[in-house]
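Okay, here's what each chain looks like letter by letter:
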Amino acid sequence: MINRFVVVSPPEDGWQIVHGARWYLHGGRRYRDIADAILAPHGGVRHLDWTPDASPGTREASMDALLPETDALVVAPWLGLGDPELPSFGGPRLDLAPDLRVVAGTFDFRLGWLDLDETERRGIAVVDTSRTMTWTVAEFGVAITFALLRDVPAAIDVVRSGSWPEAPKDAGPFVFRDLAECRVGLAGYGSINRHYRRFIEPYGCEVRVFDPLVSEDAATVDGVVPTGSLVELARASDILVVAIPPTPSTFGVIDASVIDALAPGSLFVLLSRMAVVDQEALWRRVGAKELRAAVDVYDPEPPPGDAWFRRDPNVLPTPHIAGNVQFAHERCFSEACADAVRVLSGEPPLHAATARDKQLYTGR
């Protein structure tokens, strides 16, 4: 029997208006070609256009027409945003797809449209490849840590301005030393900060973590020191790296007590979302020249053009580029296609999404 793949993707790649809001959609010829290259050797491939100006009813009808003859459903990166973007997949819709064995895409915490309990009951694998982007984010995090630690952008500006430093570089009251001599604190010990820890391990710096979901034994295996609270972690860190996903239970968890526990001169690196940080407390200490910060995400995003921190010498602001690079999005999609093939070949997927994932993302 020939495997039957259905690939859902926007017909064009780029910024588009979706229900009155501006979204970047990953699609077009490039993603179709990726899907065909990976899937076509293993079965027939049909492409379903997800058009931003179509009504939800039209999209549902188009999807429902294909489901009776679908073994694997592959969705373009970050398209699973919930109704009306994708039809809700509970029991009634799954009844239309008696042969469906796998739903694969890059969803992160956007799993509200999919009933994972029901898919598990029916033996349908669900694949979420968002974690294939986490080492890209972590790699950027290490790079921006070094840039912050050595104040590299300011040094570049000196050269570009036609000047030259007249004395050895110094960062004044801020932490300025080899990474090996710094105490690094990892707020959250999920996929991003686990990769971050792995990347900095050769430098030999002292690494502490706080994550209530990580056991002391697991921390010991990785050679990191668990702490009892975020405040304790901040007090023991020269560099605090925040990679906590935004969920109802983590909003604002890096609060004023945590930020104020950082010693004057400490460095702050934010890699996940500003929603987990008390932004007012962070900017208060940065504005008082007590902290230096590397920030890749904001609230709102983009921040106002006249926001003072855009030009503050103690802030390294980057425009949400830690993971937002085309090669990472394409990797996510390629892995989703590859996992769909694995499932239909009788192998377990490498990037299975579970009901526990959904519970974590919903704060339960």
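Everything discussed here concerns the structure shown above.
So, here is what we can say about the structure in this document. (Residues numbered from 1 in each chain as written. Predicted model: local features only at pLDDT ≥ 70, side-chain atom pairs only at ≥ 80, totals over all residues. Heavy atoms only, no water.)

1. Focus: the sheet that holds strand S5 (residues 72–75)
Strand pairing in a sheet relies on backbone hydrogen bonds. The paired strands run either parallel or antiparallel.
In step 1: Pairing within the open sheet is parallel, and its five strands lie in the order S4-S1-S5-S6-S7. A strand with exactly one partner marks an edge of an open sheet, and here the two such strands are strand S4 (43–49) and strand S7 (125–128). Strand-to-strand twist of the sheet, defined as the mean angle between neighbouring strand axes without regard to direction, takes the value 15°.
In step 2: Relative to S7, strand S6 (residues 102–105) is paired through four bridges, and the arrangement is parallel. Residue Ala104 lies in a different strand from S7, and its bridge partner there is Val127.
In step 3: Running over the sheet, helix H2 (residues 56–66) touches strand S1 (3–9), S4 and S5 and is turned about 170° from S4.
In step 4: Contacts from helix H12 (residues 326–344) reach S1, S5, S6 and S7 within the one sheet, and its direction differs from that of S5 by about 170°. (Pairing = 2+ DSSP bridges. Helix = DSSP H or I, 4+ residues; strand = E, 2+ residues; numbered from the N terminus. Axes fitted to C-alpha atoms, helices over the stretch in contact; angles between N-to-C directions. Contact = heavy atoms within 4.5 Å.)

2. A few points about the nonpolar core
In step 1: One finds Val184, Tyr196 and Ile239 to be the most contacted residues of the largest nonpolar core, which totals 36 residues.
In step 2: Looking at this core, the elements with two or more residues in it are helix H5 (134–150), strand S8 (183–187), helix H7 (191–200), strand S9 (206–210), strand S11 (239–242), strand S12 (266–270) and H12.
In step 3: Ranked by residues supplied to this core, first place goes to H5 with eight residues.
In step 4: Not counting residues up to four positions away in its chain, the partners in contact with Tyr196 are Ala138, Gly141, Val142, Thr145, Val184, Leu186, Val241 and Leu271.
In step 5: If you look at the next biggest cluster of nonpolar residues, it comprises 31 residues, including Leu230, Val231, Val242 and Val286. (Core = buried A, V, L, I, M, F, W, Y, C linked by side-chain atoms within 4.5 Å. Buried < 20%, exposed > 50% of the residue type's maximum accessible area, 1.4 Å probe, protein only.)

3. Some remarks on the packing of helix H1 (residues 28–39) against H12
In step 1: Their axes nearest at 9 Å, the elements H1 and H12 cross at an angle of 35°. The handedness of the crossing between H1 and H12 comes out as right-handed. Facing H1, whose interface residues are Arg30, Tyr31, Ile34, Ala35, Ile38 and Leu39, H12 presents Gln326, His329, Glu330, Phe333, Ser334, Cys337, Ala338 and Val341. (Left-handed = near helix turned anticlockwise from the far one by under 90°.)

4. Things to note about the environment of Asp71
In step 1: Tracing the backbone through its elements, the reader meets Asp71 in the loop between H2 and S5.
In step 2: The exposure class of Asp71 is buried, given its relative accessible area of 6%.
In step 3: Along the chain, Asp71 and Arg4 lie 67 residues apart, while their C-alpha atoms are 5.2 Å from each other.
In step 4: Excluding residues that lie within four positions of it along the chain, Asp71 makes contacts with Met1, Ile2, Asn3, Arg4, Asp99, Leu100, Arg101, Val102 and Leu344.

5. Focus: the environment of Ala261
In step 1: Within the secondary structure, Ala261 sits in helix H10 (residues 256–261).
In step 2: Placed 24 residues apart in sequence, Ala261 and Ser237 show a C-alpha to C-alpha distance of 9.4 Å.
In step 3: When neighbours within four sequence positions are excluded, Ala261 is seen to be in contact with Val231, Ala234 and Arg235.

6. A few points about the pattern of salt bridges
In step 1: What the rule picks out here adds up to 22 salt bridges.
In step 2: A salt bridge links Arg4 to Asp99, with the nearest nitrogen and oxygen atoms 2.8 Å apart. Taken together, the positions of Arg4 in strand S1 and Asp99 in the loop between helix H3 (91–94) and S6 put the pair 95 residues apart, joining distant regions of the chain.
In step 3: Notably, a salt bridge pairs Asp222 with Arg197, separated by 3.8 Å at the nearest N-O pair. (Salt bridge = Lys/Arg side-chain N within 4 Å of Asp/Glu carboxyl O.)

7. Details of the sheet that holds S12
In step 1: A sheet is described by the order of its strands in space; here seven strands give the open sequence S10-S9-S8-S11-S12-S13-S14, paired in parallel fashion. A single partner strand is all that each edge strand has here, and the edge strands are strand S10 (225–226) and strand S14 (315–317).
In step 2: Note: S8 against S9, five bridges, orientation parallel. Residue pairing for S9: Val184 is matched across the bridge by Val207.
In step 3: The sheet contacts of H7 involve S8, S9 and S11, and relative to S8 the element is tilted by about 160°.

8. Regarding the side chain of Ser237
In step 1: On the secondary structure map, Ser237 appears in the loop between helix H9 (230–235) and S11.
In step 2: Classification of Ser237 as buried rests on a relative accessible area of 2%.
In step 3: A polar contact of 2.6 Å, which involves the side chain of Ser237, links it to the backbone oxygen of Leu233.
In step 4: For Ser237, the contacting residues outside a window of four places in its chain are Arg183, Val184, Gly185, Leu262 and Ser266. (Polar contact = N/O pair within 3.5 Å; in protein donor to acceptor, adjacent residues only side chain to side chain.)

9. Side note on the packing of aromatic side chains
In step 1: If you walk through the whole model with that rule in mind, you get seven aromatic pairs.
In step 2: For the pair Tyr31 and Phe333, a centre-to-centre distance of 5.3 Å together with 65° between the ring planes defines the contact as edge-to-face. Remark: Phe333 occurs in helix H12 and Tyr31 occurs in helix H1; sequence separation between them is 302 residues.
In step 3: Here Phe333 falls in the buried class, since its relative accessible area comes to 0%.
In step 4: Connected via pairs of aromatic rings, a cluster forms that spans Trp283, Tyr298, Trp308 and Phe309. (Phe/Tyr/Trp six-rings, centres within 6.5 Å; stacked < 30°, edge-to-face > 60°.)

10. Examining the pairing of S8
In step 1: Burial analysis of S8 places four of its five residues in the buried class, the great majority of the element.
In step 2: In this fold, S8 hands off to H7, which returns the chain to S9; that crossover is right-handed.
In step 3: As paired elements, S8 and S11 share four bridges and run parallel to each other. Across the sheet, residue Val184 finds its bridge partner in S11, namely Ile239. (Right-handed = clockwise from strand over helix to strand, strands pointing away.)

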